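# Report on the structure
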Amino acid sequence: MNDVMRAQAIQIMDNLLAHPISNYFKFEVVPGVDADVDYTDYVKNPQDLNTIKKRLEGNQYNNLYSWMQDVEIVWANAERYNGSGSDMGIAAREMRRQFERERRVFCSNSKSSWIAEVFRLRIKMEKLVQASPSKIHKNIHEAFMMSLPKIEILEISEHELQCLKIALEMLNSEETSQEILRIIYEKQPELKSIYTNQTLDLGFLKLPTLMAIRDFAKRCLENQGKKYPE
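What you see is a predicted model, and the numbers here were worked out from it, not measured in a lab. (Residues numbered from 1 in each chain as written. Predicted model: local features only at pLDDT ≥ 70, side-chain atom pairs only at ≥ 80, totals over all residues. Heavy atoms only, no water.)

Across its full length, the protein chain holds 10 helices and 0 strands. Secondary structure elements of the protein chain, listed N to C terminal, follow the sequence α-α-α-α-α-α-α-α-α-α. When each of the 230 residues of the protein chain is scored for burial, the buried share is 35%. Restricting to contacts in the protein chain with at least 6 residues of sequence separation, those with at least 24 account for 64%. Counting every atom, the protein chain has about 14400 Å² of accessible surface; 53% of that belongs to carbon and sulfur. (Helix = DSSP H or I, 4+ residues; strand = E, 2+ residues; numbered from the N terminus. Buried < 20%, exposed > 50% of the residue type's maximum accessible area, 1.4 Å probe, protein only. Contact = heavy atoms within 4.5 Å. Areas by Shrake-Rupley, 256 points an atom, 1.4 Å probe, with all protein chains shown as cover.)

Rendered as structure tokens:
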């Protein structure tokens, strides 16, 4: 996570902390004080917004995903311990929606940030090549200047993402939810710790995962005689 991204993430944390219902999630839950003594029996990875912000300020997150994962765990813990229908669970869902809105800045800036990082690394590599020992300088320079294969950047548009969200709402059943979770776990097993039926957040998903879910949704709607949103 570069300095610009970290500053944006800290601003998002400030916005979350300023939310009227964020008091539930600002501080570490102390068993026996803020919750029953059995809290840690149910919540194995406690998280709170202030602690996450301090980690950002201390540059303890290597990437955006790790930070977003910790924030998501805040909401998931509240739902898991208190129940999704409780006041805390309802507040967690509202905060999750707010977080999804806030973090869209990274979606819009992701390509430009990637390009900027590529140029930064290229300049760094050129300096390293120039500083290489004279005996190997020529070979390194030739290798570095070789034409690289063109990288095809695949992405899903905001419109396509909205169509997918609508399609999933049309398929709102326990059976389809379980199959979607199976696809997610198969494509991105690292998400098993934060994804549940109640926390389907497309923002964490990579393009191949989204495409697999889209294909599944299209098949389901076709079998039901319905048309996929366009």
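There is more to say, and it comes next.
Counting along an α-helix, one turn takes 3.6 residues, and residues three or four places apart therefore face a common direction. An ideal rise of 1.5 Å per residue puts 20 Å on 14 residues; helix H9 (residues 174-187) measures up with 20 Å between its terminal C-alpha atoms. Considered for burial, the residues of H9 that qualify are Thr-176, Ile-180, Leu-181, Ile-183 and Ile-184. In an axial view of H9, the angular spread of the buried residues amounts to 160°, which keeps them on one side of the axis. H9 presents Glu-174, Glu-175 and Glu-186 as exposed residues on the side facing more than 90 degrees away from its buried surface. (Expected span 1.5 Å × (residues − 1). Arc of directions from axis to C-beta.)

What follows covers the environment of Arg-80. On the secondary structure map, Arg-80 appears in helix H4 (residues 64-82). Arg-80 sits in the partly exposed class, given a relative accessible area of 42%. Separated by 3.1 Å, the side chains of Arg-80 and Asn-77 make a polar contact. (Polar contact = N/O pair within 3.5 Å; in protein donor to acceptor, adjacent residues only side chain to side chain.)

Another point: the packing of H9 against helix H10 (residues 207-223). It is the contact of H9 with H10, at a shortest axis distance of 9 Å, that shows an interaxial angle of 155°. Considering the angle they form, H9 stands roughly antiparallel to H10. In the packing of H9 onto H10, the handedness of the crossing is right-handed. On H10, the residues that touch Thr-176, Glu-179, Ile-180, Ile-183, Ile-184 and Lys-187 of H9 are Pro-208, Thr-209, Ala-212, Ile-213, Phe-216 and Cys-220. A breakdown of the residues in the contact of H9 with H10 according to their chemical character gives 8 nonpolar, 2 polar and 2 charged. (Axes fitted to C-alpha atoms, helices over the stretch in contact; angles between N-to-C directions. Parallel < 35°, antiparallel > 145°, perpendicular 65-115°, else oblique. Left-handed = near helix turned anticlockwise from the far one by under 90°. Nonpolar A, V, L, I, M, F, W, Y, C, P; charged D, E, K, R; others polar.)

Another aspect to go through is the confidence of the model for the protein chain. For the protein chain, the mean per-residue pLDDT works out to 78, and 71% of the residues sit at or above 70. Mean pLDDT per element in the protein chain: helix H7 (residues 134-145) is the minimum at 56, and helix H3 (residues 49-57) is the maximum at 95. A low-confidence stretch, residues 145-154 (pLDDT under 50), is modelled with 4 contacts involving residues beyond four sequence positions or located in other chains. (pLDDT = per-residue confidence, 0-100.)

Attention now goes to the packing of aromatic side chains. In total, this model carries 5 aromatic pairs according to the counting rule given. Taken together, a centroid distance of 5.3 Å and an interplanar angle of 90° make the contact between Phe-25 and Trp-75 edge-to-face. Within this pair, whereas Phe-25 is found in the loop between helix H1 (3-17) and helix H2 (39-42), its partner Trp-75 is found in helix H4, the two being separated by 50 residues in sequence. There is no split in this pair, since Phe-25 and Trp-75 are both buried. Counting every residue linked through ring pairs, the aromatic cluster contains Tyr-24, Phe-25 and Trp-75. One Lys or Arg, Lys-218, reaches over the ring of Tyr-228 and ends 5.3 Å from the middle of that ring. (Phe/Tyr/Trp six-rings, centres within 6.5 Å; stacked < 30°, edge-to-face > 60°. Lys NZ or Arg CZ within 6 Å of the ring centre and 35° of its normal.)

We now examine the packing of H1 against helix H5 (residues 87-102). It is at 10 Å that the axes of H1 and H5 come closest, and there the two elements cross at 150°. Here H1 is positioned roughly antiparallel relative to H5, judged by the angle of their axes. For the element pair H1 and H5, the recorded crossing hand is right-handed. Residues Ile-12, Asn-15 and Leu-16 of H1 pack against Met-95, Gln-98, Phe-99 and Glu-102 of H5. Here the residues of the contact of H1 with H5 sort into 4 nonpolar, 2 polar and 1 charged.

Once that is clear, we can look at the pattern of salt bridges. A complete count under the given rule lists 12 salt bridges for this structure. Its salt-bridge partner being Asp-3, residue Arg-6 comes within 2.3 Å of it at the nearest N-O pair. Of this pair, Arg-6 and Asp-3 are both found in helix H1, 3 residues apart, which corresponds to roughly one turn of the helix. Glu-230 serves as the salt-bridge partner of Lys-227, at 3.8 Å between the closest nitrogen and oxygen. As far as the burial class goes, Lys-227 and Glu-230 line up, both exposed. Via salt bridges that share partners, Asp-14, Lys-53 and Glu-57 belong to a single interconnected network. (Salt bridge = Lys/Arg side-chain N within 4 Å of Asp/Glu carboxyl O.)

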